Amino acid sequence: MEKIRIGKEETRYEIKGIRPVSLNVMQVVFIGPVPVAWGDITIYTEDGTEATTLTGYDTVYRDDGQTVYLSNDGSMYQAPETPDGPGEPPEPYVPTLEELQVDKRREVAAECERLIYAGINVALTDGSVEHYALTIEDQLNLFGKLSQITAGATQLEYHADGQPCRYYSAVDMQTIIQAAMWHVSYHTTYCNALNMWIAGCQTVEEVQEIFYGADVPKQYRSEVLDAYLVQIAAKIGVGEDGTPIAE
């Protein structure tokens, strides 16, 4: 095998071959160790006879491991630019179970808030039905009326959505407040049960099946939610099992 020596080094490196690949670039294929520094290249034949010395090839044009390309004009290899055009689309990100649970809790919380704020329809003593929004401010205003009722007020100022402020009887105001409290409490309790259900999921598929309005499995229902569900069933005229209640 041919060997080469770099500069004034004593080490001789075994090579498979050395040849020019262009006017200014020389290819050297090594069998074993590869030099870490470059300079004049002295070539030895298989019997150890010094054959020739190549000068000026001291710049690494390209390093392919055991094959090294050296240039004598300081040039270095530049990878060709990738042509413009659509490439392979990136792989879609697959969220973890924990990430899906967080997203699902946010989803149901947002829907719970939306439904609470949307408000309620309330039938008053005169037979009319009026709608009342239940934003946080509305809730505070309504629940603040309780102190007026407790103090003995018989007329209380308030207004339905889109209507001017007017006086309500204590009976009507108490009806509105009770309906509002029930509405807020029910949705808060139901949302809490959904969160318990989400936390109990063991697979991505289980989480994906949950939505606001779904029937919560029994193991995730609180006794408070069960009581609300009984009240709802009675209002619509069905029993706990969903069968109609006989008149």
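Residues numbered from 1 in each chain as written. Predicted model: local features only at pLDDT ≥ 70, side-chain atom pairs only at ≥ 80, totals over all residues. Heavy atoms only, no water.

S.K.: Looking at this structure, I do not really get the overall build of the chain. What am I missing?
M.R.: Broken down by element type, the chain carries five helices and 11 strands. Among the 247 residues that make up the chain, the fraction classed as buried is 32%. Surface summary for the chain: the accessible area is close to 15,800 Å², and the carbon and sulfur share equals 53%. Charged side chains in the chain number 16 positive and 38 negative. The centres of these two groups are separated by 5 Å. (Helix = DSSP H or I, 4+ residues; strand = E, 2+ residues; numbered from the N terminus. Buried < 20%, exposed > 50% of the residue type's maximum accessible area, 1.4 Å probe, protein only. Areas by Shrake-Rupley, 256 points an atom, 1.4 Å probe, with all protein chains shown as cover. Lys, Arg positive; Asp, Glu negative; His and termini not counted. Charge placed at Lys NZ, Arg CZ, Asp CG, Glu CD.)

S.K.: What is the right way to read the sheet that holds strand β6 (residues 59–63) from this model?
M.R.: Taken together, seven strands build an open sheet; the order of strands is β5-β4-β1-β2-β3-β7-β6 and the sheet is antiparallel. Bordering the open sheet on either side are β5 (50–54) and β6, each of which pairs with just one other strand. When strand polarity is set aside, the average angle formed by the axes of neighbouring strands in this sheet is 35°. Inspection of the sheet shows strand β1 (residues 2–6) paired to strand β4 (residues 41–44) by four bridges, in the antiparallel sense. Bridged to Arg 5 within β4 is Thr 42. (Pairing = 2+ DSSP bridges. Axes fitted to C-alpha atoms, helices over the stretch in contact; angles between N-to-C directions.)

S.K.: Explain the packing of aromatic side chains to me, please; I cannot follow it from the model alone.
M.R.: We describe a pair of aromatic rings using the distance from one ring centre to the other and the angle between the two ring planes. Taken as a whole and judged by the stated rule, the model has 10 aromatic pairs. Seen from their ring centres, Tyr 61 and Tyr 77 are 6.1 Å apart, and the 70° between their planes marks the pair as edge-to-face. Here the residue Tyr 61 occupies a position in strand β6, and Tyr 77 occupies one in the loop between β7 (67–71) and α1 (97–118), the gap between them amounting to 16 residues. Take Tyr 61: its relative accessible area is 25%, and that puts it in the partly exposed class. Accessibility expressed as a relative area gives 33% for Tyr 77, which makes it partly exposed. Taking 5.4 Å as the distance between ring centres and 15° as the angle between the ring planes, the aromatic pair formed by Trp 182 and Tyr 186 counts as stacked. Residue Trp 182 and its partner Tyr 186 are located together in helix α3 (residues 170–200), separated by four residues, close to a single helical turn. Classification of Trp 182 as partly exposed rests on a relative accessible area of 24%. The buried category is assigned to Tyr 186, whose relative accessible area is 14%. What links up through ring pairs into an aromatic cluster is the set Trp 182, Tyr 186, Tyr 190, Tyr 212 and Tyr 228. The lysine or arginine in question, Arg 12, covers the ring of Tyr 44, its NZ or CZ lying 3.7 Å from the ring centre. Positioned over the ring face of Tyr 77 is Arg 62, at 4.3 Å from the centre of the ring. (Phe/Tyr/Trp six-rings, centres within 6.5 Å; stacked < 30°, edge-to-face > 60°. Lys NZ or Arg CZ within 6 Å of the ring centre and 35° of its normal.)

S.K.: Honestly, the pairing of β7 in this entry has me stumped. Any pointers?
M.R.: In the case of a regular strand, side chains alternate between the two sheet surfaces. The buried fraction of β7 amounts to five of the five residues, a majority that puts the element mostly inside the structure. The two faces of β7 match: Thr 67, Tyr 69 and Ser 71 on one face and Val 68 and Leu 70 on the other face are all buried. Taken together, the five bridges between strand β3 (residues 25–30) and β7 define a ladder with antiparallel strand orientation. Bridge pairing links Val 28 to Val 68 in β7. Across four bridges, the pairing between β6 and β7 is antiparallel. Its bridge partner being in β7, Asp 63 is matched across the sheet by Val 68. Here β6 folds back onto β7 in antiparallel fashion, the turn holding three residues, of which Gly 65 has a positive phi close to 85°.

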